[in-house]
Amino acid sequence: HLVCDGAVMFHYLWVAPVEAAAIVALLVDFSWDGGLICAGVASATVLILYVLSAIMTRIRGRFNAVQSKQVTMFFEVLQNVRSFRFYGWDALFLHKLHVLTDQMETFLMRLAMFKSFNFILVSALSQLLCIVMFGTLSKQNGALTPKIAFTALSLFNTLRFPLVVLPNAVR
């Protein structure tokens, strides 16, 4: 299962940028000015998503380290529970376990915050690109045809996939 997931992520490393580049190229073909602005916004978003992925990876690594300490300590307590109770060390180790749990909680809160920001950014990107593209097209041509509008909306919706998959594949 892990080998299959790794192969899929390796596949997304080259598919996602190619798909995103093709979509941006089609948008540039529709409207030169609006397409270039959309390309810049999409490129900046990919960089931001990559930075968020790197930050989330570091937070996840710190969380895993604290969780490993907690599991090791818990296992030690369970193996030696009689001697800990006899010498009165149970309160000390219980306090240490609570401290580790509090550390894990802060890492989980940070991770949830960055994941939420990542999701909001990817979700809002297509609407932002629509506003930029349609505003530029309306300013240039004065009228927006349904052919261009629905095609561009479809492309913006399709652009979400590479933007979600690429940072995860890089990570």
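Up top you'll find the structure we're talking about.
Just so we're clear, the structure is a prediction, and the values are computed from it rather than from any experiment.

Novice: I tried to follow the overall build of the protein chain on my own but got confused; where do I start?
Specialist: The helix and strand inventory of the protein chain stands at 5 helices and 0 strands. Along the protein chain, helices and strands appear, N-terminal first, in the series α-α-α-α-α. At 24 Å, the protein chain has a C-alpha radius of gyration far larger than the 16 Å of a compact globule built from 171 residues. Dimensions of the protein chain, computed from C-alpha atoms along their principal axes, come out at roughly 85 × 30 × 20 Å. Residue burial in the protein chain is summarised as follows: out of 171 residues, 33% are buried. Residue pairs at least 24 apart in sequence account for 82% of intrachain contacts in the protein chain once pairs closer than 6 positions are excluded. Surface summary for the protein chain: the accessible area is close to 10900 Å², and the carbon and sulfur share equals 70%. Across the protein chain, the 13 positively charged side chains and the 8 negatively charged ones have centroids separated by 4 Å.

Novice: Help me understand the environment of K115 in this model?
Specialist: Structurally, K115 is set in helix α4 (residues 90–141). C-alpha separation for the pair K115 and T158, spaced 43 residues apart in sequence, amounts to 21 Å. Once residues lying within four places of it in the same chain are set aside, the contact partners of K115 are M56 and R60.

Novice: Would you mind going over the packing of aromatic side chains with me for this structure?
Specialist: The description of an aromatic ring pair rests on the distance of the ring centres and on the angle between the ring planes. The final tally for this structure, using the stated rule, is 1 aromatic pair. Between Y12 and F161, the ring centres sit 5.5 Å apart and the planes meet at 85°, which makes this aromatic pair edge-to-face. Separated by 149 residues along the polypeptide, Y12 in helix α1 (residues 2–30) and F161 in helix α5 (residues 146–170) bring together distant segments of the chain.

Novice: Looking at this structure, how should I read the side chain of Q70?
Specialist: Mapped onto the elements, Q70 comes out in helix α2 (residues 32–79). Other than its neighbours up to four places away in sequence, Q70 contacts L97, L100, T101 and M104.

Novice: Mind showing me how you'd approach the layout of surface pockets here?
Specialist: Rolled over the atoms, a probe with the dimensions of a water molecule shows which regions are left empty. Size it by volume and the largest pocket reaches roughly 160 Å³. As for the largest pocket, its lining consists of 13 residues, and the residues nearest its centre are P17, A20, A21, A42 and V46. Going through the elements one at a time, α1, α2 and α5 are the ones with two or more residues in the lining of the largest pocket. Here the lining of the largest pocket takes 5 residues from α1, the largest share from any one element. Of the residues belonging to the lining of the largest pocket, the class tally is 12 nonpolar, 1 polar and no charged.

Novice: Help me understand a nonpolar patch on the surface in this model?
Specialist: On the surface, F86, Y87 and W89 cluster together into a nonpolar patch covering about 410 Å² of accessible area. Structurally, W89 can be placed in the loop between α3 (81–87) and α4.

Novice: Teacher, can you tell me more about the environment of L13 here?
Specialist: For L13, the location among the structural elements is in helix α1. The class of L13 is partly exposed, set by a relative accessible area of 35%.

Novice: Explain the nonpolar core here, please?
Specialist: One broad trend across soluble globular proteins is that nonpolar side chains are buried collectively. The biggest cluster of nonpolar side chains holds 40 residues, and the ones touching the most others in it are L27, C38, M133, F134, F156 and L159. Of all the elements in the fold, those that place two or more residues in this core are α1, α2, α4 and α5. In terms of residues, this core owes the most to one element, α4, which gives 16 residues. Excluding its chain neighbours within four sequence positions, the residues that come into contact with L27 are G35, C38, M133, A152, L155 and F156.

Novice: Where do I start with the packing of α2 against α4 in this structure?
Specialist: If you want to describe how two helices pack, look at the angle between their axes and the distance between the axes. Between α2 and α4, the least distance of the axes is 9 Å, while the angle of their chain directions is 170°. Accordingly, the angle class assigned to the pair α2 and α4 is roughly antiparallel. Of the residues assigned to the contact of α2 with α4, the class counts are 30 nonpolar, 10 polar and 8 charged.

Rules behind the numbers
- Each residue is numbered by its place in its chain's sequence as written, counting from 1.
- Local features in a predicted model are, by the rule used here, given only for residues with pLDDT of at least 70; side-chain atom pairs are given and counted only at 80 or more, and totals for whole chains, interfaces and linings are based on all residues.
- For side-chain calculations, the full set of non-hydrogen atoms in the structure is used, while hydrogens and water are omitted.
- Each helix corresponds to a stretch of at least 4 residues labelled H or I by DSSP, and each strand to a stretch of at least 2 residues labelled E; elements are numbered beginning at the N terminus.
- In this treatment the radius of gyration is a C-alpha quantity, and the globule benchmark scales as 2.2 Å times the residue count to the 0.38 power.
- The buried label applies to any residue whose accessible area, calculated with a 1.4 Å probe on protein chains only, is under 20% of its type's maximum; exposed applies above 50%, and partly exposed to all values in between.
- Here a residue-residue contact requires only that any non-hydrogen atoms of the pair lie within 4.5 Å.
- Accessibility throughout is a Shrake-Rupley quantity obtained with a 1.4 Å probe, and a residue counts as covered only by protein chains that appear here.
- Residues scored as positive are Lys and Arg, those scored as negative are Asp and Glu, and His as well as the terminal groups of each chain are ignored.
- One atom stands in for each charge, and that atom is NZ of Lys, CZ of Arg, CG of Asp or CD of Glu.
- The aromatic pairing rule takes the rings of Phe, Tyr and Trp, using the six-membered ring of Trp, and pairs them if the centres are within 6.5 Å, calling planes under 30 degrees apart stacked, those over 60 edge-to-face and the rest tilted.
- With a 1 Å grid spanning the protein atoms alone, the term cavity applies to any set of points in which a 1.4 Å probe fits but cannot get out, the term pocket to an open set with protein on both sides within 12 Å along at least five of seven lines, and the term lining residue to any residue with an atom within 4 Å of a point.
- Grid points are joined across faces, edges and corners, and a volume is the space filled by probe spheres set on the points.
- Under this grouping Gly is polar, as are all residues other than the nonpolar Ala, Val, Leu, Ile, Met, Phe, Trp, Tyr, Cys and Pro and the charged Asp, Glu, Lys and Arg.
- Nonpolar side chains (Val, Leu, Ile, Met, Phe, Trp, Tyr) within 5 Å and like charges within 9 Å form the patches, drawn only from residues with over 30% relative accessible area and no salt bridge.
- Salt bridge criterion: a side-chain nitrogen from Lys or Arg within 4 Å of a carboxyl oxygen from Asp or Glu.
- Here, nonpolar core means buried Ala, Val, Leu, Ile, Met, Phe, Trp, Tyr and Cys residues that are tied together by side-chain atoms lying within 4.5 Å of each other.
- Here an angle of 0 to 180 degrees is reported between the N-to-C directions of two axes, which are lines fitted to C-alpha atoms, with helices fitted over the stretch in contact.
- Angle categories are assigned with fixed cut-offs, so that under 35 degrees is roughly parallel, over 145 is roughly antiparallel, 65 to 115 is roughly perpendicular, and the rest are oblique.

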